[in-house]
Amino acid sequence: MAEPIVRFTGVRKAFGDKVVLEGLDIELPRGQTSVILGPSGTGKSVFLKLLVGLLEPDEGQIEVDGVRVDGATERELFALRKKIGMLFQDGALFDSMSVGDNIAFPLRRHSDLDDDAIDAAVALRLEQVGLPGIEDQMPASLSGGMRKRVSLARAIVMEPDIVLFDEPNSGLDPVTSDEIDALIGRMKEELGISFIVISHDIVGAFAVADRIAMLYNGALVAYGTSDEVLRSQHPFVRRFLARNMDLPDLESP
Amino acid sequence: MTGLPEVFLRRVGGYGIFFAACVRSTFQHGVRWDRVLEESQKLGVRAFPVLATMAVFVGTNLAIQGHAAFSALGAESLVGMFVALGGVREVCPLLAATMVAAKAGTEMTAQLAVMRTKEQIDALEVMAVDPRAELVTPSLLAIMLVLPALTIISIALALVAATGVAVFQLGLQRGDFVDYMMSNITVFDLAAATLKSVFFGAIIATVSGYFGFYSERGPRGVGQATNQAVVVMCIVCISVNFALTSILYG
Ligand SMILES: Nc1ncnc2c1ncn2[C@@H]1O[C@H](COP(=O)(O)OP(=O)(O)OP(=O)(O)O)[C@@H](O)[C@H]1O
Ligand SMILES: [Mg+2]
């Protein structure tokens, strides 16, 4: 395997007494789509925040694209983050800016495109997420699913090398959800972007994923290609999949 | 158990670190002068009407109180001096600071706290944009620029209002009153008032920035941050005012 894009080694993260991740080792492949599954509250969002250096691990090492994230200086982090686009679970759009300004924000800061080129890029991304022509609306006037798609557009507008999506499909109807999955597939093929996607939508996850990781109780309980994960005998994995995919649940009597 | 002294020390330490980080980020990422201008305009326009009203009525009351105290002694000429000393040196700088704290300070804290709650500050960081340079420093500079101006304007308004009351309501000689008043206002006094307001501005902006930036997530966190910021700002401003008056006039 080529040099992985993300490598966690023995990572532990606790908040007070509550241990969220414990001894987590994982390597995610470059230029592919990795989907992280797991029940609510297992630390999937914490995993992404550790990855971009918003949180510091208590123990262990985190490497992203060859850069040590834990203990990095602000300068190193900013250099790395210019290659990363992130969709937060609740969107994190700037309330004081219009949809267009939100999506244009990273371009205005980090590219030297002129206004016309920026407008064109914004329009293209909005079209890709199925919301053409809403540049002038304010985030507060959008529905939850629309906000999610706008911040998805913002996350990919720089065409970053690494894209982190925290539940891109939650709150979306099945058709839009499929369109987002197709967009992920296209961008991966055309631009060689490494996607790391957190999902609750198991069927969708198996559709887009090259790798699937399942977190449970602070640990990795399954990791591999979809076939490998489907064959996992770990009781929690069986249960998690059975509830969602008509697989025999080996645990239940 | 965390005792009060420990919380206090942690807060002071945190504030120090925040302040240092703001200064560092200013040097590292430069100043967004467009945002400073925008914030200054907003602040000036918003705070001015209330401040002007308050300054006028502070002037009127200083004149009435001065008259009540000194006319009985037959020292009506001292009324102008009383207005000058109280208004210019003490009341107007604090008044302007209070208004800016109430308007701009609370807004800054609440806005930052909401952005913290909704992960918008995290989003800025992930976009490799320094949130202090983006959100805090422009408001900080705006407050430090606008507050001295507002202070000088409120001084002028208070003096004019005092003169009006002295002449038309209290029946004092206008020439005498104005002469006595103006002869007790020196360039030093105006410079001292300006200096005070620069300090107040820095305190208001950094304290409201600190509490907003590090607020706890959620609606309770937003309310808490705003409350704490106002209390701390007021206490620090009034203490610094005492220290500055002691140094400059003591
Ligand atoms: N900043 C924080 N401070 C304290 N606790 C936190 C913080 N962030 C996360 N946690 C805790 O860590 C645990 C994992 O949170 P996380 O948001 O990663 O869950 P998740 O797997 O993303 O869940 P969901 O699927 O519901 O989004 C939760 O118990 C949460 O309360
Ligand atoms: Mg989450």
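Being a predicted model, the structure only gives us computed values, none of them experimental. (Residues numbered from 1 in each chain as written. Chains lettered and ligands numbered in written order. Predicted model: local features only at pLDDT ≥ 70, side-chain atom pairs only at ≥ 80, totals over all residues. Heavy atoms only, no water.)

Asker: Which residues make up the overall build of chain A, and what values do they have?
Answerer: Counting its regular elements, chain A contains nine helices and ten strands. For chain A, the C-alpha radius of gyration of 18 Å lies close to 18 Å, the compact-globule estimate for 253 residues. Oriented by its inertia axes, the alpha-carbon framework of chain A measures out at about 60 × 40 × 35 Å. Counting only residues that meet the buried cut, chain A has 52% of its 253 residues in that class. Residue pairs at least 24 apart in sequence account for 61% of intrachain contacts in chain A once pairs closer than 6 positions are excluded. About 11100 Å² of surface is accessible on chain A, with carbon and sulfur atoms providing 47% of the total. (Helix = DSSP H or I, 4+ residues; strand = E, 2+ residues; numbered from the N terminus. Rg over C-alpha atoms; globule rule 2.2 N^0.38 Å. Buried < 20%, exposed > 50% of the residue type's maximum accessible area, 1.4 Å probe, protein only. Contact = heavy atoms within 4.5 Å. Areas by Shrake-Rupley, 256 points an atom, 1.4 Å probe, with all protein chains shown as cover.)

Asker: Hey, could you go over the sheet that holds strand β10 (residues 219-224) of chain A for me, with residue numbers and the actual values?
Answerer: As a general point, the strands of a sheet are linked pairwise by backbone hydrogen bonds and lie either parallel or antiparallel. All names here are of chain A. One open sheet holds the six strands; their spatial order is β6-β7-β8-β3-β9-β10, and the pairing between them is mixed. On the outer flanks of this sheet lie β6 (84-87) and β10, each paired with one strand and no other. Strand after strand, the sheet turns through a mean of 15° between neighbouring axes, direction not considered. The pairing of strand β3 (residues 33-37) with strand β8 (residues 194-198) spans four bridges and is classified as parallel. Bridge assignment links I36 to a residue of β8, and that residue is I198. (Pairing = 2+ DSSP bridges. Axes fitted to C-alpha atoms, helices over the stretch in contact; angles between N-to-C directions.)

Asker: Describe the interface of chain B and chain A, listing the residues and the values that go with them.
Answerer: Opposite the 19 residues of chain B that make contact, chain A presents 22 residues. With both chains or domains summed, chain B and chain A bury close to 1800 Å², and 57% of this area falls on carbon and sulfur atoms. When the shortest N-O distance is used, the salt bridge between E125 of chain B and R81 of chain A registers 3.4 Å. For the side of chain B that touches chain A, the element with the most residues is helix α4 (residues 120-126) of chain B, which contributes six residues. Looking at the side of chain B that touches chain A residue by residue, the class counts come to eight nonpolar, three polar and eight charged. (Buried area = accessible area lost by both parts, 1.4 Å probe. Salt bridge = Lys/Arg side-chain N within 4 Å of Asp/Glu carboxyl O. Nonpolar A, V, L, I, M, F, W, Y, C, P; charged D, E, K, R; others polar.)

Asker: Just give me the short version of the nonpolar core, but keep the residues and values in it.
Answerer: Core analysis: the largest hydrophobic core is formed by 100 residues, its most contacted members being F8, F47, L51, V64, L164 and I196 of chain A together with I204 of chain B. Ignoring sequence-local partners within four residues, the contact set of I196 of chain A consists of V6, L28, S34, I36, F47, L48, L51, I162, V163, L164 and F165 of chain A. A121, I156, I193 and M214 of chain A belong to the second largest nonpolar core, which has 46 residues in total. (Core = buried A, V, L, I, M, F, W, Y, C linked by side-chain atoms within 4.5 Å.)

Asker: Tell me what's going on with the coordination of the magnesium ion (ligand 2), and back it up with residues and numbers.
Answerer: Residues and elements named next belong to chain A. Around the magnesium ion (ligand 2), the donor atoms from the protein are S45 (OG) and Q89 (OE1), and they sit 2.0 to 2.1 Å away. Note that S45 is positioned in helix α1 (residues 44-51) and Q89 in the loop between β6 and α3 (99-110), a separation of 44 residues in sequence. Looking at S45, the relative accessible area reads 21%, which means it is partly exposed. Looking at Q89, the relative accessible area reads 32%, which means it is partly exposed. (Donors = N, O, S within 2.8 Å, 3.2 Å for Na, K, Ca; no water.)

Asker: Go over the site of ligand 1 with me, naming the residues and quoting the values.
Answerer: All names here are of chain A. The full set close to ligand 1 counts 14 residues, and K18, S40, K44, S45 and Q89 are the nearest of them. In this structure, an oxygen atom belonging to ligand 1 sits 3.0 Å away from a main-chain N or O atom of G43. Here E167 contributes a side-chain N or O atom positioned 3.5 Å from an oxygen atom of ligand 1. Expressed as a share of its isolated accessible area of 630 Å², the protein-covered part of ligand 1 is 66%. Listing elements by their share of the shell around ligand 1, those giving two or more residues are β2 (18-28) and α1. It is α1 that provides the largest number of residues to the shell around ligand 1, a total of three residues. (Near = heavy atom within 4 Å. Polar contact = N/O pair within 3.5 Å; in protein donor to acceptor, adjacent residues only side chain to side chain.)

Asker: Describe the packing of aromatic side chains, listing the residues and the values that go with them.
Answerer: All names here are of chain A. All told, the structure shown has 15 aromatic pairs over all chains when counted by the stated rule. Ring centres 4.5 Å apart and planes at 25° place the aromatic pair F8 and F47 in the stacked group. With F8 in strand β1 (residues 6-15) and F47 in helix α1, the pair connects residues that are 39 residues apart, well separated along the chain. The class of F8 is buried, set by a relative accessible area of 2%. With a relative accessible area of 1%, F47 lands in the buried category. (Phe/Tyr/Trp six-rings, centres within 6.5 Å; stacked < 30°, edge-to-face > 60°.)

The values are spatial; any link to function lies outside them.
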